[in-house]
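Given next are the chains, with one letter for each unit.
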Amino acid sequence: MAVIGAGASAMDNAATALEAGAARVDLLIRRETIPAVNKLTGIGSPGTVEGLAVVPDAWKLKIHDYCAREQVPPPSHSVRRVSSHPNAKFHMGCALAGAAEDGDRLRLDTSRGSFATDFVIAATGFRNDFADRAELADIAPHVLSWADRPDFPEDLPKDGSLGASPYLNPDFSFREKTPGACPALARIHCFNDAAMLSQGKVSGDIPAVSTGAKRLARAIVAQFFAEDVEDQFARLEAFDTAELDGSEYAPAPSLPGR
């Protein structure tokens, strides 16, 4: 079988296949070397976790664009899990050019030649496409993306991962592309990879997902309170559970020297 890609998912898929008894697993890796440095680890800190959400947009774009170009390496133990099998083959500089049925097998055309295989797993990443989801298709045209912003850099592709990212409010809710066209967006919170550019790596990255979950929960309960503030005030006025019953202290009969 063949696995296309060299990220964490590619390694996990390849290792699982090998451990399940695959006779051979060929990893097709477009790059000449597998990325080795996780750049965001270099500035990993509570400041980064919280700060990526509040720095100016230009810095958000610069940091995330740089990290995307450098790419994130798979964990060392995941790669070793694959390479420990002699029937695992790492094909570097091997970009997929095409695929076609070849009898009961699949022929893969690559930049290094062609070969046939029984199974193929495409571990090539993913794309956030709200319009492709039936439950989100109606709202997708109304969601403001980063590329819709007038200050989106001209040197970045508008249909790329950064440009297509939703431009979120601080509480993870969507913003409207045209104000007033779909006000329900303010009640829909985006807590997944698509939120990363607006919020930082707090909605899907293991080290900081708890921070993101707390940020989201606090924003939602604050919104609930604001919407119910009249009822909250009525509860405030009606609350009469006493902390003291008068037995806890005794009034002094006079001031000192009297």
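Quick note: structure is the one above.
It should be emphasised that the depicted structure is a prediction, and the values quoted were computed from it without experimental measurement. (Residues numbered from 1 in each chain as written. Predicted model: local features only at pLDDT ≥ 70, side-chain atom pairs only at ≥ 80, totals over all residues. Heavy atoms only, no water.)

## A closer look at the pairing of strand E2 (residues 25-29)
Then comes step 1: With 5 of 5 residues buried, E2 lies mostly within the body of the structure.
Then comes step 2: Alternating positions in E2 separate into two faces, Val25, Leu27 and Ile29 on one and Asp26 and Leu28 on the other, with burial throughout.
Then comes step 3: Here strand E1 (residues 2-4) runs beside E2; their pairing, made up of 3 bridges, is parallel. Within E2, the position partnered with Ile4 by the bridge is Leu28.
Then comes step 4: The handedness of the E1 to E2 crossover, carried by helix H1 (residues 8-19), is right-handed.
Then comes step 5: Taken together, the 5 bridges between E2 and strand E3 (residues 88-92) define a ladder with parallel strand orientation. Directly across from Leu27, in E3, lies its bridge partner Phe90. (Buried < 20%, exposed > 50% of the residue type's maximum accessible area, 1.4 Å probe, protein only. Helix = DSSP H or I, 4+ residues; strand = E, 2+ residues; numbered from the N terminus. Pairing = 2+ DSSP bridges. Right-handed = clockwise from strand over helix to strand, strands pointing away.)

## Some points on the packing of aromatic side chains
Where two aromatic rings form a pair, the distance of their centres and the angle of their planes describe that pair.
Then comes step 1: All chains considered together, the criterion is met by 3 aromatic pairs.
Then comes step 2: Residue placement shows Arg149 over the ring face of Tyr167; its charged tip is 4.3 Å from the ring centre. (Phe/Tyr/Trp six-rings, centres within 6.5 Å; stacked < 30°, edge-to-face > 60°. Lys NZ or Arg CZ within 6 Å of the ring centre and 35° of its normal.)

## Looking at unusual backbone geometry
Then comes step 1: Located in the positive-phi region is Gln71, a residue other than glycine, with phi close to 70°.
Then comes step 2: Within the fold, Gln71 resides in the loop between helix H3 (57-70) and helix H4 (76-83).
Then comes step 3: In the Ramachandran plot, Phe172 falls in the positive-phi region, its phi being about 75° despite a non-glycine side chain.
Then comes step 4: Judged by its relative accessible area of 0%, Phe172 falls in the buried class.

## As for the sheet that holds strand E7 (residues 120-122)
Then comes step 1: Ordered in space as E3-E2-E1-E7, the 4 strands form an open sheet in which the pairing is parallel. The open sheet has two edge strands with one neighbour each: E3 and E7. Taking the axes of each pair of neighbouring strands and ignoring which way they run, one obtains an average angle of 20° across the sheet.
Then comes step 2: Alignment of E1 against E7, held across 3 bridges, turns out to be parallel. Within the sheet, the bridge partner assigned to Val3 lies in E7 and is Ile121.
Then comes step 3: This element, H1, spans E1, E2, E3 and E7 of the sheet and lies at about 170° to E2. (Axes fitted to C-alpha atoms, helices over the stretch in contact; angles between N-to-C directions. Contact = heavy atoms within 4.5 Å.)

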